[in-house]
Amino acid sequence: MIRDLTGRRNQIYFEKIHPSLPMIHRPRFLAAMALAPHMRPPVALRYAMWTQVCSVTPRYHSLQEHFYARARKYAESDEMKGHGENMITLAHSQAWSLIAAFEFKMMYFPRAWMSCGRATRLCQMMGLHRQDGAGLDVKQCLPPPRDWTEREERRRTFWMAFCQDRYASIGTGWPMTIDEQDVRGHGHFHSCP
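Residues numbered from 1 in each chain as written. Predicted model: local features only at pLDDT ≥ 70, side-chain atom pairs only at ≥ 80, totals over all residues. Heavy atoms only, no water.

(A) Focus on the packing of aromatic side chains. A complete count under the given rule lists 15 aromatic pairs for this structure. Their ring planes at 75° and their centres at 6.4 Å tell us that Phe 102 and Tyr 108 sit as a pair that is edge-to-face. We classify Phe 102 as buried; its relative accessible area is 1%. One cation-aromatic arrangement involves Arg 9 over Trp 50; the distance from NZ or CZ to the ring centre is 4.8 Å. The ring of Tyr 60 is capped by Arg 9, whose NZ or CZ atom sits 5.9 Å from the centre of that ring. (Phe/Tyr/Trp six-rings, centres within 6.5 Å; stacked < 30°, edge-to-face > 60°. Buried < 20%, exposed > 50% of the residue type's maximum accessible area, 1.4 Å probe, protein only. Lys NZ or Arg CZ within 6 Å of the ring centre and 35° of its normal.)

Here it is in structure tokens:
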């Protein structure tokens, strides 16, 4: 029963949310969900995805605040493990972007600003703003991408954080986190893809 509900929420996510927040590679995510519990995508990401689902699905609407609180709880908990190294993952940046998107939607602007900042800083820590640049001279927190699909998921995660950073700054007048001059290797600077 729980697995069926989880599968249904994931299906709704990719049908209704993914087209406007296209960061997560569906086949790889769903394949990872079938792995052993410790190898699945982080719980924070799953709850962030389901929060989005609840916000657009009347059947699950009453669960959106509950799932939102859980998404934040697990993301913050992962920050506190060890020395924080467990949070430096693509999935955690994606989770914070999804949390921020929900917070913007609900007009929780101070939280959205901070969540957007977390997503953006994680992207910067992982070097996603320079992933396609030549002669990288910064410490790499992520191993090289296994294939084109993984590289593209990294690109999309970066651009989502970039767009949210711009949106947050336009809406509040607060400063942007990402300097567009620091974005390397994505071709000429454009608006969000």
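(B) Focus on the layout of surface pockets. Estimated volume of the largest pocket: approximately 620 Å³. As for the largest pocket, its lining consists of 24 residues, of which Leu 90, Ala 91, Arg 146, Glu 150 and Glu 153 are closest to the centre. Top contributing element to the lining of the largest pocket by residue count: helix α5 (residues 90-105), with four residues. Of the residues belonging to the lining of the largest pocket, the class tally is 14 nonpolar, four polar and six charged. (1 Å grid on protein atoms, 1.4 Å probe; cavity = no way out; pocket = protein on both sides within 12 Å on 5 of 7 lines; lining within 4 Å. Points joined across faces, edges and corners; volume = space filled by probe spheres on them. Helix = DSSP H or I, 4+ residues; strand = E, 2+ residues; numbered from the N terminus. Nonpolar A, V, L, I, M, F, W, Y, C, P; charged D, E, K, R; others polar.)

(C) The nonpolar core, seen in detail. Core analysis: the biggest nonpolar cluster contains 44 residues, and Tyr 13, Ile 24, Leu 45, Met 49, Leu 98 and Phe 158 have the highest contact counts within it. Of all elements in the fold, only α1 (2-17), α2 (26-33), α3 (43-56), α4 (64-80), α5, α6 (109-125) and α7 (148-172) reach the threshold of two or more residues within this core. Each residue touching Leu 98, except ones within four places of it in the same chain, is listed here: Tyr 13, Leu 21, Met 23, Ile 24, Leu 45, Ala 48, Met 49 and Gln 52. Ala 100, Phe 104, Ala 112 and Ala 168 belong to the second-largest nonpolar core, a separate cluster that totals five residues. (Core = buried A, V, L, I, M, F, W, Y, C linked by side-chain atoms within 4.5 Å. Contact = heavy atoms within 4.5 Å.)

(D) Quick peek at the environment of Ala 119. With respect to the secondary-structure elements, Ala 119 resides in helix α6. Judged by relative accessible area, which is 0%, Ala 119 ranks as buried. Through-space distance from the C-alpha of Ala 119 to that of Ser 97 is 5.6 Å; in sequence the pair is 22 residues apart. The residues contacting Ala 119, other than those within four sequence positions of it, are Ser 93, Trp 96, Ser 97 and Ala 161.

(E) Highlighting the pattern of salt bridges. In total, this model carries eleven salt bridges according to the counting rule given. In this structure, Asp 147 engages Arg 28 in a salt bridge whose closest nitrogen and oxygen atoms are separated by 2.2 Å. With a gap of 119 residues between them, Asp 147 in the loop between α6 and α7 and Arg 28 in helix α2 connect regions that are remote in the sequence. The class for Asp 147 is partly exposed, based on a relative accessible area of 30%. (Salt bridge = Lys/Arg side-chain N within 4 Å of Asp/Glu carboxyl O.)

(F) Focus on the environment of Met 176. Within the secondary structure layout, Met 176 lies in the segment after α7. Judged by relative accessible area, which is 48%, Met 176 ranks as partly exposed. In sequence terms Met 176 and Gln 164 are twelve residues apart; their C-alpha atoms lie 9.8 Å from each other. Not counting the four nearest positions on each side in its chain, Met 176 is found in contact with Asp 165, Arg 166 and Ser 169.

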